[in-house]
Amino acid sequence: MKTIPVHQIPLPAVTCSTCAACCCQLEVMLITDTGVPERFIDTDEWGGEVMLRLDDGWCAALDRDSMMCTIYEKRPLICREFEMGAPECIEERKGIATAYR
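Residues numbered from 1 in each chain as written. Predicted model: local features only at pLDDT ≥ 70, side-chain atom pairs only at ≥ 80, totals over all residues. Heavy atoms only, no water.

The name given to the protein chain in an unreviewed UniProt entry is YkgJ family cysteine cluster protein, with the source organism recorded as Pseudomonas hefeiensis.

Right under this line is the structure:
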């Protein structure tokens, strides 16, 4: 009887260009001034400034066609610190598993 060798298929590299913008569904508090345009700022129930999210939960600054940030150069500090491929990024990607089938 012949056995078939098992090969591990490497997972695709995590890059923002292959992502479904999972992090753009997280609540983002504005804790520093990076120049986020006022039209993208909302106030949470405790009076803190947060990124505005649309009715479907996505960040208002997300371009829905390209899934890229329209204010990338002025994005909030939290968005700047959310590292591509970091454990938090991987965990958020798992939450939208249907986007990667």
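A. Highlighting the overall build of the protein chain. The helix and strand inventory of the protein chain stands at 2 helices and 4 strands. Secondary structure of the protein chain in N-to-C order comes out as β-β-β-β-α-α. Evaluated residue by residue, the protein chain yields a buried proportion of 25% over its 101 residues. When contacts within the protein chain are restricted to residue pairs at least 6 apart in sequence, those whose partners lie at least 24 apart make up 50%. (Helix = DSSP H or I, 4+ residues; strand = E, 2+ residues; numbered from the N terminus. Buried < 20%, exposed > 50% of the residue type's maximum accessible area, 1.4 Å probe, protein only. Contact = heavy atoms within 4.5 Å.)

B. Representation of the environment of Met51 in the model. Of note, Met51 is situated in strand β2 (residues 49-51). Apart from residues no more than four positions distant in its own chain, Met51 is found in contact with Val28, Leu30, Val36, Phe40, Asp42, Cys59, Ala61, Ile71 and Pro76.

C. Inspection of the side chain of Arg75 at higher detail. On the secondary structure map, Arg75 appears in the loop between β4 (68-69) and α1 (77-81). In this structure Arg75 is buried but unpaired, with Glu73 as the nearest side chain of opposite charge at 5.5 Å. Within the local environment of Arg75, its side chain forms a polar contact with the backbone oxygen of Tyr72, the two atoms lying 2.7 Å apart. (Lys, Arg positive; Asp, Glu negative; His and termini not counted. Salt bridge = Lys/Arg side-chain N within 4 Å of Asp/Glu carboxyl O. Polar contact = N/O pair within 3.5 Å; in protein donor to acceptor, adjacent residues only side chain to side chain.)

D. Layout of the side chain of Asp44. For Asp44, the location among the structural elements is in the loop between β1 (41-43) and β2. Arg53 provides the closest opposite charge to the buried, unpaired Asp44, separated from it by 9.5 Å. Within polar-contact distance, the side chain of Asp44 engages the backbone nitrogen of Trp46 at 3.0 Å. A polar side-chain atom of Asp44 sits 3.0 Å from the main-chain amide nitrogen of Gly47. Non-local contacts of Asp44, meaning those with residues more than four positions away in its chain, are made with Glu27 and Val50.

E. Layout of the pattern of salt bridges. Under the counting rule described, the total for this entry stands at 1 salt bridge. Ionic pairing is found between Asp56 and Arg64, a salt bridge with its closest N-O pair at 2.9 Å. Exposure remark for Arg64: the relative accessible area of 36% places this residue in the partly exposed category.

F. Highlighting unusual backbone geometry. Its identity as a non-glycine residue notwithstanding, Met67 has a phi of 60 degrees, on the positive side. Within the secondary structure, Met67 is located in the loop between β3 (62-63) and β4.

G. Examining the environment of Ala21 more closely. Within the element layout of this structure, Ala21 appears in the segment before β1. According to the relative accessible area criterion, Ala21 is buried, its value standing at 6%. Remark: the alpha-carbon pair of Ala21 and Leu62, spanning 41 residues in sequence, is separated by 8.5 Å. If sequence neighbours within four positions are ignored, Ala21 has contacts with Trp58, Leu62 and Met67.

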